[in-house]
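The primary structure of each chain is shown beneath.
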Amino acid sequence: MAEMTINGVRIDDVSLGAAPRLACAAVVTGPTARWAAIAAGSMAGAAPSATGGIVEAGIDRPLKGDETPDGRPGLSLLLFAEKEEDLQEALTLRVGRGLAAVPGAACYSGLASGRRLRLGAALTGLGGGAEIVKRVGERRFRRIPLLDGEFLVEDDIGAVDTALGDVSLLIVGASSGAVLGAAAAAVTAAAAVAGVILPAPGGASRLSRHAGAQAFYPTLRSAEGSALAADENAVLELLLAGLDASVVGDAIGRALAAVTAIGRAGGITRITAPEAGARQRQLRLREFLP
Amino acid sequence: MTGLTFTLREAPPERLDLSPLTPARLAGLSCAKIERIAIGTTRLGVAVGDVFRLSGEDAADLVFAGGSTRFDRLGSGLDGGSIRLEGDAGGYLGLAMAGGTITVAGSLTGPYGGSAMTGGLIRVAGHAADATAAALPGAVAGMAGGTLIVGGRAGELVGDRMRGGVILVAGGAGRLCAARMLGGTIVAASLGPRAGQGMRRGTLIAGSADDIEPTFVFAGRYAQAFLPLLGNWVGGIAGEAFARLVPTSADRYRGDMADVGEGELLIGPPE
């Protein structure tokens, strides 16, 4: 295997696993940017992994007033799941129990795709049957009466089945401080790509659910089969999910560039990936190098 | 490819039924065949060739150079393509249309324009006559979907028994606008007397109203996200002047309590 290093950082010749996902995009708005952020946060919640019937969710990017349907400040949000029923259940719960309670919040579909999931149509219980359904052009909205007036929510939300989730990169370095700094830079770089989220809290995770991750635990290094070299003392996992392969690839490329820019001098030794699962699509790590 | 153009030779001798002249029915027909299509409504037996001179070839994009108050049922049942009328139209324009676009440079001079339509877009630069988008006698509902944009004023009973869709009127609407309304949205600069009389559901938005029916209940000041949402959409489809008709804050009245009472009147001066 040919050795490849950039700025002193070794790039392992491994495959990244990418799990096929169904994804939907929501646009969440509020009366002010602060309340919009609270609303989006309540809907995104903690959702680092779609494994086992739950979802990956996160904020994609903030939207200016002229980018949202109602002209108010907002954020775009992405949710990913393995199966449609999981995505539908998560959506209903997160909007019905979380977002609906946030003052002034409204929720719309962020994708015009043909495949639809129920959003407002699944929340009929909230308004006690007194909600008003309005069709505006091709879109249907529900005005659900609540304490501060109305909760405006689109009847259905667009979904795509081209999405990829559970894409994992491992950043390996000499110290936890160095790895944390590199991970933060990589998260900022990758999150700038529209259509990509990093669903782990803060974008980087110290808990990897992937098979064989124990080989990267620095405190278990004495055990057989450790994947760490003598000068490697910390690892963090970067988790990504995106609406299609091209945005995911773009985000991986930017993350790699950010980490290699810090380089060996900044305490980063290697970029690698955990073993890809059998049902995952395999992406070759080195192909994403900028 | 230029649009198939019907140039009016002279004022029509009688009322014309132009319903056969839609893109779907003219597709693939030769000019000679089109000229023989009967459009008369009396025993005179008027055909297309007697009234119009044909030019152009694209049947998906019909143009009528010159209009008349005797042009009835133009674009009736339209389900795609476009019809451009460079003049006035008579009654029943776009009756029961399901898709496509009709543009009228003049006014709707007869009733029931857009009645029973379920989709598509009608743009009228001039005024709209009485009973535009209203239910035909005996029909359960009037306009049921799609969008109707009127650049001028609208007459009486606009949107009578309307069930869905959106009507935008830059000028004022006359008496009994949205009477017996079942659903949908009407936005007008002002409303004449008895607006929304007997309405069950639906939304009526205006800068001012001559009176509010006594069976409508004041329901507070309304400034929810729905208004800017609607305003944004209106701006996109009809332009800024129409978007300004949608206020961001309005007095809300629920009614008509003499019926189901799930409709609303939103009265607020334009921004």
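This structure is a prediction, so every number in the text was calculated from the model and none was measured.

Peer 1: Residue-level account of the overall build of chain A, with values.
Peer 2: Scanning chain A from terminus to terminus reveals 4 helices and 16 strands. For chain A, the C-alpha atoms occupy an extent of roughly 65 × 35 × 30 Å along the three principal directions. Within the span of chain A, comprising 290 residues, buried residues form 54% of the whole. Considering only residue pairs separated by 6 or more positions, chain A has 77% of its internal contacts joining residues 24 or more positions apart. In the structure as shown, chain A presents an accessible area of about 12,100 Å², 55% of it carried by carbon and sulfur atoms. A gap of 3 Å separates the mean positions of the 28 positive and 30 negative side-chain charges of chain A.

Peer 1: Can you lay out the overall build of chain B for me, pointing to particular residues and giving the numbers?
Peer 2: Along the backbone of chain B there are 5 helices and 15 strands. The C-alpha radius of gyration of chain B comes to 19 Å, within 12% of the 18 Å expected for a compact globule of 271 residues. Projected onto the principal axes, the alpha-carbon positions of chain B cover approximately 65 × 35 × 25 Å. Looking at chain B residue by residue over its 271 residues, the buried ones come to 56%. Across chain B, every contact between residues at least 6 apart in sequence was considered, and the portion connecting residues at least 24 apart equals 43%. Here chain B displays about 10,200 Å² of accessible surface, and carbon together with sulfur accounts for 50% of that area. Here chain B holds 23 positive side-chain charges and 25 negative ones, and the gap between their average locations is 4 Å.

Peer 1: Got a sec to walk through helix α4 (residues 226-238) of chain B? Specific residues and values, please.
Peer 2: Its 13 residues place the ends of α4(B) 18 Å apart at the C-alpha level, agreeing with the 18 Å of an ideal helix rising 1.5 Å per residue. Regarding α4(B), the residues found buried are B:F226, B:L227, B:L229, B:L230, B:G231, B:W233, B:V234 and B:A238.

Peer 1: Talk me through unusual backbone geometry; I want residue IDs and the actual numbers.
Peer 2: All names here are of chain B. A cis amide bond links G255 with the next residue in sequence, D256, at an omega value of -5°. Secondary-structure assignment places D256 in the loop between β14 (250-255) and β15 (263-267). One non-glycine residue, Y112, lies in positive phi territory at about 65°. Topologically, Y112 is positioned in the loop between β7 (99-104) and β8 (121-124). Take Y112: its relative accessible area is 15%, and that puts it in the buried class. With a phi close to 55°, R180 is a non-glycine residue in the positive phi region.

Peer 1: Quick rundown of helix α1 (residues 33-44) of chain A? Include the residues and the values.
Peer 2: All names here are of chain A. Across its 12 residues, α1 extends 16 Å between first and last C-alpha, which sits within 8% of the 16 Å expected from 1.5 Å per residue. Taken together, the buried positions of α1 are A36, A39, A40, M43 and A44. With its buried residues spanning 130° around the axis, α1 presents them on a single face. Considering only its buried residues, α1 is in contact with β3 (15-29), β4 (56-63), β5 (74-81), α2 (84-98) and β6 (106-109). Positive phi shows up at G45, right after α1, with a value of about 55°.

Peer 1: Explain the packing of α1(A) against α2(A) to me, and be specific about the residues and the numbers.
Peer 2: Residue and element names in this part refer to chain A. Contact geometry for α1 and α2: axes closest at 8 Å, N-to-C directions at 140°. Between α1 and α2, the interaxial angle falls into the category oblique. By crossing handedness, the relation of α1 to α2 is classed as right-handed. Facing α1, whose interface residues are S42, M43 and A44, α2 presents L91, R94, V95 and G98. Here the residues of the contact of α1 with α2 are counted per class, giving 4 nonpolar, 2 polar and 1 charged.

Peer 1: Explain the packing of aromatic side chains to me, using residue names and the numbers behind them.
Peer 2: All names here are of chain B. Overall, the coordinates contain 8 aromatic pairs over all chains when judged by the stated rule. Feature note: the residues F6, F52, F64 and F71 constitute an aromatic cluster, connected by ring pairs. The positively charged end of R73 is found above the aromatic ring belonging to Y92, 4.6 Å away from the centroid.

Peer 1: With reference to specific residues and values, describe the pairing of strand β14 (residues 234-242) of chain A.
Peer 2: Two faces belong to every sheet, and in a regular strand the side chains alternate between them. Residue and element names in this part refer to chain A. Within β14, 9 of the 9 residues are buried, which leaves the element mostly enclosed by the surrounding structure. Side chains of β14 alternate between two faces, with A234, L236, L238, L240 and G242 and V235, E237, L239 and A241 buried alike. Two elements, strand β12 (residues 196-197) and β14, share 2 bridges in a ladder whose sense is antiparallel. Counted as the bridge partner of V196 is G242 from β14. In terms of strand pairing, strand β13 (residues 204-205) meets β14 through 2 bridges, oriented antiparallel. Across the sheet, S205 pairs through a bridge with E237, a residue of β14.

Peer 1: Let's hear about the side chain of A:R72: which residues, and what values?
Peer 2: In this fold, A:R72 is placed in the loop between β4 and β5. Residue classification places A:R72 among the buried residues on the basis of a relative accessible area of 14%.

Peer 1: I'd like a description of the pattern of salt bridges, backed by residues and values.
Peer 2: This structure, assessed with the given rule, holds 28 salt bridges over all chains. For A:R284, the salt bridge identified is with A:D13, shortest N-O distance 3.0 Å. Of this pair, A:R284 sits in strand β16 (residues 281-284) while A:D13 sits in the loop between β2 (9-11) and β3, and the two are 271 residues apart along the sequence. For A:R284, a relative accessible area of 36% puts it in the partly exposed group. Here B:E86 ties to B:R84 by a salt bridge, and the two come within 3.6 Å at their closest N and O atoms.

Peer 1: Can you lay out the state of the cysteines for me, pointing to particular residues and giving the numbers?
Peer 2: Residues and elements named next belong to chain A. Scanning the entire structure with this criterion turns up 0 disulfides over all chains. C24 takes part in no disulfide bond, and the closest cysteine sulfur, belonging to C107, lies 8.8 Å away. A relative accessible area of 0% places C24 in the buried class.

Rules behind the numbers
- Residues numbered from 1 in each chain as written.
- Chains lettered and ligands numbered in written order.
- Predicted model: local features only at pLDDT ≥ 70, side-chain atom pairs only at ≥ 80, totals over all residues.
- Heavy atoms only, no water.
- Helix = DSSP H or I, 4+ residues; strand = E, 2+ residues; numbered from the N terminus.
- Buried < 20%, exposed > 50% of the residue type's maximum accessible area, 1.4 Å probe, protein only.
- Contact = heavy atoms within 4.5 Å.
- Areas by Shrake-Rupley, 256 points an atom, 1.4 Å probe, with all protein chains shown as cover.
- Lys, Arg positive; Asp, Glu negative; His and termini not counted.
- Charge placed at Lys NZ, Arg CZ, Asp CG, Glu CD.
- Rg over C-alpha atoms; globule rule 2.2 N^0.38 Å.
- Expected span 1.5 Å × (residues − 1).
- Arc of directions from axis to C-beta.
- Axes fitted to C-alpha atoms, helices over the stretch in contact; angles between N-to-C directions.
- Parallel < 35°, antiparallel > 145°, perpendicular 65-115°, else oblique.
- Left-handed = near helix turned anticlockwise from the far one by under 90°.
- Nonpolar A, V, L, I, M, F, W, Y, C, P; charged D, E, K, R; others polar.
- Phe/Tyr/Trp six-rings, centres within 6.5 Å; stacked < 30°, edge-to-face > 60°.
- Lys NZ or Arg CZ within 6 Å of the ring centre and 35° of its normal.
- Pairing = 2+ DSSP bridges.
- Salt bridge = Lys/Arg side-chain N within 4 Å of Asp/Glu carboxyl O.
- Disulfide = S-S within 2.5 Å.

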